[in-house]
Amino acid sequence: MAKILAVLYPDPVGGYPPDYARDAIPSITGYPGGQTTPTPRAIDFTPGRLLGCVSGELGLRRFLEDRGDTYVVTSDKEGPGSTLDHELPDADVVISQPFWPAYLTPERIAAAPRLKLAITAGIGSDHVDLPSAIGHGMTVAEVTYSNSISVSEHAVMQILTLVHDYMPAHEWVTAKKGWNIADSVSRSYDIEGMDIGVLGSGRIGKAVLRRLKPFDVRLHYHDVHRLPEEVEEELGLTWHPDARSLASAVDVLSIHTPLHPQTMNLFDDDMIGAMKRGSYIVNTARALIVDRDAVVRALDSGQLAGYAGDVWYPQPPPSDHPWRTMPHEAMTPHVSGSTLSAQARYAAGTREILECWFDGRPIRPEYLIVDGGGLAGTGARSYTVAG
Ligand code: NAD
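Not measured: the values here are computed from a predicted model.

Student: Got a minute to help me understand the nonpolar core in this structure?
Tutor: A general feature of soluble globular proteins is that nonpolar side chains tend to end up buried together. Counting 58 residues, the largest nonpolar core has Leu58, Ile95 and Leu354 as its most contacted members. A total of eight residues in this core trace back to one element, the largest contributor, which is helix α13 (residues 340-359). If we ignore the near neighbours within four places in the chain, the residues touching Ile95 are Ile4, Leu5, Ala6, Val7, Leu58, Leu60, Ile119, Ala121, Thr350 and Leu354. Listed in part, the 28 residues of the second largest apolar core include Leu259, Met271, Ala294 and Leu304.

Right under this line is the structure:
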């Protein structure tokens, strides 16, 4: 029997379950391009419920305990003596979500001789040291597409929030009890007519481009894999051969690449300096793709007119993280991929991956990041490993 260790975010401060705003979520069975939503044999949860926190348990407890497996769920993941470190040495499977990542460092992987499978309940497996996972003979899998549309909606929302300068206007009329129209509009623009680009036109990046098209903007992108000509034509896209050419051409840049050696720290002082003065960056991909302090400097100087996103490093960030207090931001905690709608899909996908694993059936290639001693499936297309 296996031991499965899930590291999930803490319950709501108001207790579990929360008061749900709605009774149901739409039923979605397929993604753009034809991939189906997860197909586990069964689920033991109600779609639309809070599943990603400790009491939600990703809806897996009955399934795992009926099989005779041990299922340990904790949110305690950092510092010496954490439950994660305590439970890891005899764990077979570790599950975590990027919103509250179990950082599987080389040291932790070395301390887990039985660990064979790391599942990302969501998308983005950079919290797992992939070279160590490869060396350890592990499989790393994520629930590809489960929250891509959720993130694309959040990115479009944050683009509009920044350019229209929504946050200060909201604060004037609520916290400050004012009606300060002039103050509220002095940095407020429309996106209509702007040049907007995405870095990384995979599942999320492409969905952002599609959603922006009706706003009558000029769309640009860069990806190492160029989109088919008919998609470029349909969306009126300008392709750029590298990130710098894209960054210098646009008013707004939305980042949608994975974090890997080629994208680490890509947006430093130099790259941000190559953008037009008053550009905006939205980053819902990974925080380490941008230089934390270069972003703050660019907002202070006016080189950037705004920065928004939901990804931070580390997660959770310390209370004195400078992005909590920098000007012209519209930050959220890492939530875009954990809507209740997305949770239903990635909880079901996690179960699908576990069922395949236990049955000895292949995991869908689109879910694979590392397998068989190297990058595999989506991992082989979207990630690199150093060395
Ligand atoms: P995807 O694999 O479908 O697309 C990634 C794209 O990035 C691919 O087309 C790939 O070719 C491109 N790419 C990789 N390296 C590149 C480089 N150096 N330069 C240019 N392009 C490059 O992945 P996706 O589903 O679109 O997700 C993208 C990333 O978004 C994930 O890896 C994850 O880090 C992040 N994400 C965040 C959240 C959230 O909640 N904020 C949720 C899901 C995913």
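From this point, the discussion proceeds with the structure in view.
Student: Just to check I follow, could you spell out the sheet that holds strand β13 (residues 374-375) for this structure?
Tutor: Sheets are built from strands that pair by backbone hydrogen bonding, the pairs being arranged parallel or antiparallel. Overall, mixed pairing links the seven strands, which are arranged β2-β1-β3-β4-β5-β12-β13 in an open sheet. With partners counted over all chains shown, the strands left at the sheet margins are β2 (70-74) and β13, one partner each. Where strand β4 (residues 117-120) lies against strand β5 (residues 139-142), four bridges are found, and the strand directions are parallel. The residue bridging Ile119 from the neighbouring strand is Ala141, located in β5. Of the strands in this sheet, β1 (3-7), β3 (93-96), β4 and β5 touch α13, which is tilted by about 160° from β4.

Student: What exactly am I supposed to notice about the pairing of β2 here?
Tutor: Within a regular strand, side chains alternate between the sheet's two faces. For β2, the tally of buried residues reaches four of five residues, placing the bulk of the element in the interior. Once you follow β1 into helix α1 (residues 61-66) and on to β2, the crossover reads as right-handed.

Student: Help me understand the UniProt feature "domain: D-isomer specific 2-hydroxyacid dehydrogenase catalytic" (unreviewed entry) in the chain in this model?
Tutor: Taking the numbering used here, the UniProt-annotated feature "domain: D-isomer specific 2-hydroxyacid dehydrogenase catalytic" (unreviewed entry) corresponds to residues 63-363. Across residues 63-363, the secondary structure splits into 36% helix and 15% strand, with the terminal C-alpha atoms separated by 18 Å.

Student: Hey, could you run me through the site of the ligand in this one?
Tutor: Near the ligand, the surroundings consist of 31 residues, among which Ile204, Asp223, His260, Thr284 and Ser382 are the closest. Between the ligand and the protein, one listed contact pairs a nitrogen atom with a side-chain N or O atom of Asp310 at 3.2 Å. Starting from 860 Å² of accessible surface for the ligand in isolation, the protein chains cover 96%. Elements represented by at least two residues in the shell around the ligand include exactly α5 (148-164), α8 (203-212) and α14 (377-382).

Student: For this particular structure, what's the right way to read the UniProt feature "site: Important for catalytic activity" (unreviewed entry) in the chain?
Tutor: What UniProt calls "site: Important for catalytic activity" (unreviewed entry) maps, in this numbering, to Arg286 and His334. Look at the named residues: they lie 49 residues apart in sequence, but the longest C-alpha span between them is just 9.8 Å, so in the fold they bunch up. Set against the second largest pocket, the annotated residues that line it come down to Arg286 and His334. With respect to the secondary-structure elements, Arg286 resides in the loop between β10 (279-283) and α12 (292-301). For His334, the location among the structural elements is in the loop between β11 (304-309) and α13. Residue His334 is classed as buried on the basis of its relative accessible area of 11%. At a separation of 3.4 Å, a polar atom in the side chain of His334 contacts the main-chain carbonyl oxygen of Pro98.

Student: Before we go on, may I ask you to explain the domain arrangement of the chain in this structure?
Tutor: Many structure descriptions define interface size as the accessible area lost when the parts assemble. For the chain, the assigned domains are domain 1 (3-147 + 338-378) and domain 2 (148-331). Computed from C-alpha coordinates alone, the two centres of domain 1 and domain 2 are separated by 28 Å. Counting residues at the interface gives 21 residues for domain 1, matched by eleven residues for domain 2. For the pair domain 1 and domain 2, the summed buried surface comes to about 1200 Å²; carbon and sulfur atoms form 49% of the total. In terms of surface lost to domain 2, no three residues of domain 1 exceed Asp126, Tyr145 and Asn147, which account for 43% of the buried area on that side. Where domain 1 meets domain 2, there are one salt bridge. Between Arg286 and Asp126 there is a salt bridge whose closest N-O contact spans 2.7 Å. Taken together, domain 1 and domain 2 are joined by ten residue pairs in polar contact (both at pLDDT 80 or more). Taken together, the residues that form the side of domain 1 that touches domain 2 break down as nine nonpolar, seven polar and five charged.

What counts and how
Residues numbered from 1 in each chain as written. Predicted model: local features only at pLDDT ≥ 70, side-chain atom pairs only at ≥ 80, totals over all residues. Heavy atoms only, no water. Core = buried A, V, L, I, M, F, W, Y, C linked by side-chain atoms within 4.5 Å. Buried < 20%, exposed > 50% of the residue type's maximum accessible area, 1.4 Å probe, protein only. Helix = DSSP H or I, 4+ residues; strand = E, 2+ residues; numbered from the N terminus. Contact = heavy atoms within 4.5 Å. Pairing = 2+ DSSP bridges. Axes fitted to C-alpha atoms, helices over the stretch in contact; angles between N-to-C directions. Right-handed = clockwise from strand over helix to strand, strands pointing away. UniProt positions renumbered as here; feature names shortened; annotations may be inferred. Near = heavy atom within 4 Å. Polar contact = N/O pair within 3.5 Å; in protein donor to acceptor, adjacent residues only side chain to side chain. Areas by Shrake-Rupley, 256 points an atom, 1.4 Å probe, with all protein chains shown as cover. 1 Å grid on protein atoms, 1.4 Å probe; cavity = no way out; pocket = protein on both sides within 12 Å on 5 of 7 lines; lining within 4 Å. Domains from an automatic or database assignment. Buried area = accessible area lost by both parts, 1.4 Å probe. Salt bridge = Lys/Arg side-chain N within 4 Å of Asp/Glu carboxyl O. Nonpolar A, V, L, I, M, F, W, Y, C, P; charged D, E, K, R; others polar.

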